[in-house]
Amino acid sequence: GAGVSQSPSNKVTEKGKDVELRCDPISGHTALYWYRQRLGQGLEFLIYFQGNSAPDKSGLPSDRFSAERTGESVSTLTIQRTQQEDSAVYLCASSFDSGGVDIQYFGAGTRLSVL
Amino acid sequence: GESVGLHLPTLSVQEGDNSIINCAYSNSASDYFIWYKQESGKGPQFIIDIRSNMDKRQGQRVTVLLNKTVKHLSLQIAATQPGDSAVYFCAENAGGTSYGKLTFGQGTILTVHP
């Protein structure tokens, strides 16, 4: 597609439920990134993928958070047993993978609200 | 841990003025820096980047300056327009095995008055 696509754009869930957030990267981009943005704050790195492997998972805040990517395309971020503190905008980005730093292009995000 | 921060959380300017947004970073190993613009309800949009082997880079109406001696980064916007109103973030990358990871600052809100 023309840009990074994320779905759903908004998600309201009850505390304790599991949620899945989806990211479709820009076609041809082999690197994919997930960030979290709390209200009025900057972006916190969660995880990034090179192809289907995730060399850096250091930003995942707890074992309730996981992400996978198949076919070097779509990625899903799963949050199990959601807590109110998980409420935030979850942003996905993609880039070429030159083996160094590449410009990351972002989607519009999924706004997650945990009641 | 390492962090990237901003001196001014808000900046208000008149249309046509030049704007300067500042950013301090603490990781001396960082070798790549990038500025993003984020409008309400949207994801961050790339503006300009700079590598540590440079001290200045210019784009269309924007200039990024890097001072490695004092670990300071700035974004200059010439002839600021109302459409430039947004939150601006600087971010850094330390390269090495973590080249996919950007560390973001808290953001500066730029408001341009017509």
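Structure shown above.
Calculation criteria
- Residues numbered from 1 in each chain as written.
- Chains lettered and ligands numbered in written order.
- Predicted model: local features only at pLDDT ≥ 70, side-chain atom pairs only at ≥ 80, totals over all residues.
- Heavy atoms only, no water.
- 1 Å grid on protein atoms, 1.4 Å probe; cavity = no way out; pocket = protein on both sides within 12 Å on 5 of 7 lines; lining within 4 Å.
- Points joined across faces, edges and corners; volume = space filled by probe spheres on them.
- Helix = DSSP H or I, 4+ residues; strand = E, 2+ residues; numbered from the N terminus.
- Contact = heavy atoms within 4.5 Å.
- Buried area = accessible area lost by both parts, 1.4 Å probe.
- Salt bridge = Lys/Arg side-chain N within 4 Å of Asp/Glu carboxyl O.
- Polar contact = N/O pair within 3.5 Å; in protein donor to acceptor, adjacent residues only side chain to side chain.
- Buried < 20%, exposed > 50% of the residue type's maximum accessible area, 1.4 Å probe, protein only.
- Phe/Tyr/Trp six-rings, centres within 6.5 Å; stacked < 30°, edge-to-face > 60°.

Chemist: Can you help me understand the layout of surface pockets in this one?
Modeler: It is a probe the size of a water molecule, rolled over the atoms, that shows where empty space is left. Of the pockets and cavities examined, the largest pocket occupies roughly 540 Å³. If you go around the largest pocket, you meet 29 residues; those closest to its centre are Gln37, Leu39, Gly40 and Arg111 of chain A together with Gln38 of chain B. Listed by contribution, the elements that provide at least two residues to the lining of the largest pocket are strand E9 (88-95) and strand E11 (110-114) of chain A together with strand E9 (86-93) and strand E11 (108-113) of chain B. Sorting elements by how many residues they give to the lining of the largest pocket places E11 of chain A first, with 4 residues.

Chemist: Explain the interface of chain A and chain B to me, please; I cannot follow it from the model alone.
Modeler: It is common to report an interface's size as the accessible area lost on association of the parts. In this complex, chain A contributes 22 residues to the contact, which on the side of chain B involves 22 residues. Overall, the association of chain A and chain B removes approximately 1800 Å² of surface from exposure, summing both partners, and the carbon and sulfur fraction of that is 55%. Counting every contact that joins chain A to chain B gives 0 salt bridges. At the boundary of chain A with chain B, the tally comes to 3 residue pairs in polar contact (both at pLDDT 80 or more). Among the elements that line the side of chain A that touches chain B, the one with the most residues is strand E5 (residues 43-50) of chain A, at 4 residues.

Chemist: I'm lost on unusual backbone geometry in this one. Help?
Modeler: The bulk of non-glycine residues show a negative phi, and the bulk of peptide bonds are trans. With an omega dihedral of -10 degrees, the bond running from Ser7 of chain A to Pro8 of chain A counts as a cis peptide bond. Its place among the elements puts Pro8 of chain A in the loop between strand E1 (5-7) and strand E2 (10-13). Backbone geometry places Arg81 of chain A, a non-glycine residue, at a positive phi of 50 degrees. As for its placement among the helices and strands, Arg81 of chain A is situated in the loop between strand E8 (75-79) and E9. Exposure remark for Arg81 of chain A: the relative accessible area of 41% places this residue in the partly exposed category. Its identity as a non-glycine residue notwithstanding, Arg61 of chain B has a phi of 65 degrees, on the positive side. Along the chain, the position of Arg61 of chain B falls in the loop between strand E6 (56-58) and strand E7 (62-67).

Chemist: Explain the packing of aromatic side chains to me, please; I cannot follow it from the model alone.
Modeler: Residues and elements named next belong to chain B. Tallied over the full model, the rule gives 10 aromatic pairs over all chains. Note on Tyr25 and Phe33: the rings are 4.6 Å apart at their centroids and 50 degrees apart in plane angle, and the pair reads as tilted. Relative accessible area serves as the criterion here: at 8%, Tyr25 is assigned to the buried category. On the basis of relative accessibility, which here comes to 2%, the residue Phe33 falls in the buried class.

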